[in-house]
Amino acid sequence: MLPASRQLVTIVAAATSLVLACALPAGADGPAPSARAGDKNAVLSLDESFRTPQNAAQRDWLTKQNTLAAKVGCEVGRQTADRRSSCFVEFIPFRVVQLPSGKEIGRGVIGSGNTTQLDYKSSTYVQDVNLGLVQASGVATLLSRAKVAVDCKASSGGGCTVTGGGGEQWLRYPAQNQHFTFKVTSPGKNISYHQPPVKVTVSNLAAPNKLTRKLGDTAQVRCDSEPVGSGTGRGCVNWTYEPTYTLDTHDPRITQVAWHVYWAQNNLRFKWGLQGKGRPLHHLSDVDLQRYNRQVACPRGKYPGKSCDEYPFAATYEGAGLNSDYSTHAVPLNQNTTEGGSEYRGKFLRENRILDHDAYWVHVKR
């Protein structure tokens with residue numbers, strides 16, 4: 001048996017997709033050889049019991065993470081998102097085992113909150129990872145460290161650049177959270193898609209090896225320089241999220257338009273834009289097709305002395321020229337112009353960077 005001074009220790013990961021970074025001979029690939037006394041090897045194990053919050057410490061950490069995630073909120077093991085942000089929380093358990101005895105000399109659970117904050121007016125967005133030791137015992141309490149990386153080279157869309165993040169940080173218990181903040185930039189003027197993987201590497205001074213794990217889902221980012229509004233320039237959004245445009249029947253500037261949309265959503269066959277009951281609208285950028293939709297729905301003189309309001313909107317693929325399931329109503333000209341202008345629907349399209357064919361919903365407050 002080896003003397004105590006030469007006994008080896010190693011981290012045993014208890015989470016899926018952990019990759020061992022151990023010492024192999026130059027040029028070697030494939031799995032490490034089986035553990036034996038004197039080898040710098042690691043044994044990986046899974047512990048499915050840590051998939052969801054199990055105790056008060058984990059639930060408390062999740063509550064604190066939610067205060068950092070803006071309005072989108074966070075859930076364990078599931079991405080929450082809106083058009084400009086996302087969050088994914090998970091718990092990563094590990095243990096430190098002495099070899100050859102197999103005696104456990106430390107155990108820890110790392111809370112991970114991975115958030116994305118996008119800016120519709122900027123080609124640079126923030127990827128932030130918050131790590132903290134939620135539970136720890138033995139050598140895991142004071143000797144654990146972590147490093148985070150955002151890999152633009154492995155991004156599903158490619159082409160991004162990344163700065164920040166810092167180096168390896170200590171993870172102390174009780175939870176002394178460490179933030180790893182990155183700025184990701186989408187260059188150029190074309191429409192680009194980015195979803196760079198975020199990876200965390202865990203180490204412990206009592207063990208020779210490190211463990212690298214890909215964190216959960218990040219936002220599917222689309223950056224563009226399309227003319228979605230004056231002065232916006234290039235910007236980025238979570239393009240897979242379908243946002244909601246809200247109208248208020250109590251708003252005196254658009255009251256009659258809002259009531260018409262409400263009536264149409266509840267009486268048309270396909271209940272266009274009514275989330276949970278109908279089908280979404282899809283933005284139409286072609287101005288000639290928009291004009292055609294208006295001509296079909298509202299021929300000149302249809303409502304003498306009034307403005308003709310159509311729903312679904314002319315600037316959608318569900319407009320009257322492309323879809324026979326539509327409604328029109330006579331409304332004051334100023335209300336019709338205001339609702340379709342830059343302060344209402346134009347602002348919604350601009351701040352959500354709604355491009356051609358993008359889906360969205362319409363909610364009417366009563």
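Going by the structure above, here's the rest.
Residues numbered from 1 in each chain as written. Predicted model: local features only at pLDDT ≥ 70, side-chain atom pairs only at ≥ 80, totals over all residues. Heavy atoms only, no water.

Undergrad: Could you give an account of the packing of aromatic side chains, naming the residues involved and the relevant values?
TA: All told, the structure shown has seven aromatic pairs when counted by the stated rule. On the numbers, 5.2 Å between centres and 35° between planes, the contact of Tyr245 with Phe348 is tilted. Remark: Phe348 occurs in helix H5 (residues 345-351) and Tyr245 occurs in strand E16 (residues 244-248); sequence separation between them is 103 residues. Aromatic ring contacts, followed pair by pair, group Tyr245, Tyr311, Phe313, Phe348 and Tyr360 into a single cluster. (Phe/Tyr/Trp six-rings, centres within 6.5 Å; stacked < 30°, edge-to-face > 60°. Helix = DSSP H or I, 4+ residues; strand = E, 2+ residues; numbered from the N terminus.)

Undergrad: Requested: an account of the side chain of Ser203, with residues and values cited.
TA: Position of Ser203 among the secondary structure elements: in strand E12 (residues 198-204). Side-chain polar atoms of Ser203 contact the side chain of Glu168, separated by 2.9 Å. (Polar contact = N/O pair within 3.5 Å; in protein donor to acceptor, adjacent residues only side chain to side chain.)

Undergrad: Please give an account of the state of the cysteines that cites residues and values.
TA: With the rule as written, the count across this model stands at four disulfides. There is a disulfide in this structure between Cys74 and Cys87, and the S-S distance comes to 2.0 Å. Taking the torsion about the S-S bond as the criterion, the Cys74 to Cys87 disulfide, at about 100°, is right-handed. Placement of Cys74 in the loop between helix H1 (56-66) and strand E3 (80-81) and of Cys87 in strand E4 (residues 85-99) is noted, with a sequence separation of 13 residues between them. Of the two residues, Cys74 and Cys87, neither departs from the other in class, the shared state being buried. Between Cys223 and Cys236 runs a disulfide, and the two sulfur atoms are separated by 2.0 Å. Residues Cys223 and Cys236 share a disulfide whose torsion about the S-S bond is about 105°; that sign makes it right-handed. With a gap of 13 residues between them, Cys223 in strand E14 (residues 221-224) and Cys236 in strand E15 (residues 235-238) connect regions that are remote in the sequence. Note on Cys223: relative accessible area 0%, which makes it buried. (Disulfide = S-S within 2.5 Å. Buried < 20%, exposed > 50% of the residue type's maximum accessible area, 1.4 Å probe, protein only.)

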